[in-house]
Amino acid sequence: MTTSMVWGTEQSRLVTWRDPIATKAAVASVSGLAYWRGVIDGHLPPPPIGEIIQMRALDVENGRVTFTWTPDASMYNPLGTVHGGTVCTLLDTVTACAMHTTLPEGVGYTSVEIKVNYLKAVTATSGPLTAVGTVVKAGSRIGFAEGKVTDASGNLVATATSTLLIFELGR
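None of the values given here were measured: they were computed from a predicted structure. (Residues numbered from 1 in each chain as written. Predicted model: local features only at pLDDT ≥ 70, side-chain atom pairs only at ≥ 80, totals over all residues. Heavy atoms only, no water.)

Caption draft 1: Looking closely at a nonpolar patch on the surface. Nonpolar side chains collect at one region of the surface, where V112, V136, I142 and F144 lie side by side and expose about 340 Å² of accessible area between them. Within the secondary structure layout, I142 lies in strand 5 (residues 142-150). Given a relative accessible area of 33%, I142 falls into the partly exposed group. (Patch = residues over 30% accessible without salt bridge, like charges linked within 9 Å, V, L, I, M, F, W, Y side chains within 5 Å. Areas by Shrake-Rupley, 256 points an atom, 1.4 Å probe, with all protein chains shown as cover. Salt bridge = Lys/Arg side-chain N within 4 Å of Asp/Glu carboxyl O. Helix = DSSP H or I, 4+ residues; strand = E, 2+ residues; numbered from the N terminus. Buried < 20%, exposed > 50% of the residue type's maximum accessible area, 1.4 Å probe, protein only.)

Caption draft 2: View of the nonpolar core. Judged by nonpolar contacts, the single largest core of 34 residues is most densely connected at F67 and W69. The set of elements that each furnish at least two residues to this core consists of helix 3 (32-41), strand 1 (55-61), strand 2 (64-69), helix 5 (84-100), strand 3 (107-118), strand 4 (129-138), strand 5 and strand 6 (156-168). Top element by residues in this core is helix 5. It accounts for eight residues. (Core = buried A, V, L, I, M, F, W, Y, C linked by side-chain atoms within 4.5 Å.)

Caption draft 3: Inspection of the pairing of strand 1 at higher detail. Bridge analysis of strand 1 against strand 2 gives six bridges, and the strand direction is antiparallel. Pairing of V60 across the sheet is with V65, part of strand 2. Joining the antiparallel neighbours strand 1 and strand 2 is a turn of two residues, in which G63 adopts a positive phi near 85°. (Pairing = 2+ DSSP bridges.)

What follows is the structure, given as structure tokens:
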């Protein structure tokens, strides 16, 4: 028996992205809300992590973002389900980006802590997932946000709470 019969057919996909360092100054020169509106409108490139796991920003408003992601087998763990780390990445993204929408030009953020609750297994048949991030409180140094992910049937598959550090960007 050959390894291809045991392991299945080899698969691949091409990932392309724009250099985030090249757009760093542009990102720092606009508010977080303006940046995310620019990404959705196609005037600014999305961050490379979005291209790697193929998530897309769908909607943005002050203190709230919505992303979509359709999982595929490239994100599977050895047990035949989507690795929880990719769902965590989606939640980290929507909670942090929701916070970003509240920040003025020249102010950045980074995740300090995230707590994820996995409620339902995710597979390629889960269909497109929708992730919504909402700011709970945007302080001057620390912010709090929450995120929820639902599958194509509207079932809640994971939730998160996040603490974020807010700081001035170096110019």
